[in-house]
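A closer look at the structure
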Amino acid sequence: MQGSSAEDGGTSGPDGAIRLLHVDDDEAFCEQAARHLERADPSLSVGTETDPSRALDRLADEPFDAVVSGYEMPTLDGIQLLRAVRERHGDIPFLLFAGTGDESVASEAIAAGVTDCLRKEFSTEQYALLANRVRKAVTAARQRHRAGELERVNRLIRRVNRRITGADTVAEIERTVCETVAAADPYRFAWIGGPDPETGAIVARATGGDAADYLDSADIRTDDTPEGRGPAGRAVRTGESQVAQDIPEDPSFEPWHEVAARYEFRSVIVLPLQGSESDHGLLTIYAGRRDAFDGTERAILTELAKTIAGALDGAEARRRLKRRERELERYESIVEASGDPVYVIDAAGRFGFVTDRIVGMTGYAEDELLGEHVSKVLPAEDVRRGEELIESLLVTGRDRGTYEMTIRTADGERITCENHVSLLPFEDEFRGTVGVIRDITERKIREHELERQNERLEEFASVISHDLRNPINVVRGSLELAEQREDLGELDRAHRGLDRMNALVEDLLALAREGERVTEFGDVDLDVVAERAWDV
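Right, let's walk through the structure included here. Quick caveat: nothing in here was measured; it's all calculated off a predicted structure. (Residues numbered from 1 in each chain as written. Predicted model: local features only at pLDDT ≥ 70, side-chain atom pairs only at ≥ 80, totals over all residues. Heavy atoms only, no water.)

This brings us to the overall build of the protein. Counting its secondary structure elements, the protein contains 16 helices and 15 strands. Put simply, the protein has 536 residues, and 40% of those count as buried. Sequence separation of at least 24 residues holds for 57% of the intrachain contacts in the protein that already meet a minimum separation of 6. For the protein, the accessible area works out to roughly 29400 Å², and carbon and sulfur atoms hold 48% of it. (Helix = DSSP H or I, 4+ residues; strand = E, 2+ residues; numbered from the N terminus. Buried < 20%, exposed > 50% of the residue type's maximum accessible area, 1.4 Å probe, protein only. Contact = heavy atoms within 4.5 Å. Areas by Shrake-Rupley, 256 points an atom, 1.4 Å probe, with all protein chains shown as cover.)

Right, here's the structure in full:
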């Protein structure tokens, strides 16, 4: 572990501050050296220890950046302490500040991995030199540590990118990301999830690592409650990455201290997965050491989150495309089965698809229609009426409607049609319509004939009404005269009126049975007709 105590594996604080552990069995010398070192370099914070064995424990418990040790000590000499530090705490800078020694001691120290050796002298100049050597050693260690951490995170990014490239669905991408991240040291656990709009709880959709049960014990929310003030809740509200660098000491993590300790989580980062198309929730990563997410790592992981969000955008787009392809196949099947002329136009009113029956109806070739505006075959009034129908569908939420229009063919013929219009499926932006056309020319002719027939019937009913009233009036008048005069001759006249009505009824029945139109005409004797009418 580079440039830090063994537990952290990272820097203990800001670049300018250095925590130094000075080990020497002479307590008075330790205190004197600490004062001189801090005076020589105010950025140094020196802790002292007279027992080498306890120094090893303190390195495990406290975040030191470097060790300065004497050589001759009763329990462990400086070389033995150096070997123990290297075994337990990696390559934290270790400087030997010895009062005595020869070349063999220096050679042994170098073989054990010492960072630097200085002769112990009680002068201001020597303390200044030691402070300078400490700072150079820590700076170099931090640079090595950052380079190593950068390479580690970059390897992780390459691994994630490589693996999500082979994943097709959102679920596959999320699972792959979590499993890949959780398998990379020093991370322990990762999950992807998002807020439930109904409950306000943040719910995981995918996990990686061996701590999936952690989420069963952790109530994580987005509201202004203790469970909503942690890193995940803040990330949802701000849309920015959030970090808890020291979980046991972070008050915002208090609701989860106990369960986090059970799984030995020491730090966490929450990264919003905000794509250009959609918000995909959060990627949350837990590490087993404190201060795992410094500024550089946080910036790199933020870029990784953007890459993941882009991949999720792509997966969502592929899902929508496949759904639209299935819808198109379904529409094509319906079109083939219907046998009616069918077209598809885009949001701008341009033909994107026409069937052979459209081609046959309009007289234009397919390539003469595709890409052209519907005004090529429709008069302006019908274009306007179609736009009004589409606007009505979009406003009301209905997905289909019907209107009549007239198609102008390539030869100038006009065909009266009924257009059954349906909106193409869409989520955010209107994409166009599909239309099924039916030639209603014959129907319109029949409707016109029916209107004319109704007009004739109204005229005929008026005539018949008049013709029936005359014999009825004759019968009524004859019966009244017969009653008044007791003249049976008037009854004969009434009988003739009834015969006339009966003849009219028979003529009406014959007309109804034989057809709707009078198709045969003949000459009549006007004198005879007038005489008969007079007799009636």
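That covers the picture; the talk isn't over yet.
Let us look at the sheet that holds strand S10 (residues 279–287). Pairing between sheet strands relies on hydrogen bonds along the backbone, with the strands arranged either parallel or antiparallel. The strand order S7-S6-S10-S9-S8 describes an open sheet built from 5 strands, whose pairing is antiparallel. Looking at strand neighbours, the two that pair on one side only are strand S7 (202–209) and strand S8 (242–244), the edges of this open sheet. Across the sheet, the mean angle from the axis of one strand to that of its neighbour is 20°, orientation sign disregarded. In this structure, strand S9 (residues 267–274) lies alongside S10, joined through 7 bridges in antiparallel fashion. Its bridge partner lying in S10, leucine 271 is registered against leucine 283. Each of strand S6 (187–195), S7, S8, S9 and S10 touches helix H8 (residues 231–238); the most contacted strand, S8, lies at about 165° to it. (Pairing = 2+ DSSP bridges. Axes fitted to C-alpha atoms, helices over the stretch in contact; angles between N-to-C directions.)

What follows covers the packing of aromatic side chains. All chains considered together, the criterion is met by 14 aromatic pairs. With 5.8 Å between their ring centres and 5° between their planes, tyrosine 187 and phenylalanine 293 make a pair best called stacked. On the criterion of sequence distance, the pair formed by tyrosine 187 in strand S6 and phenylalanine 293 in the loop between S10 and helix H10 (295–338) is long-range, its members being 106 residues apart. The ring of phenylalanine 29 has lysine 120 lying over it, and the distance from NZ or CZ to the ring centre is 4.4 Å. (Phe/Tyr/Trp six-rings, centres within 6.5 Å; stacked < 30°, edge-to-face > 60°. Lys NZ or Arg CZ within 6 Å of the ring centre and 35° of its normal.)

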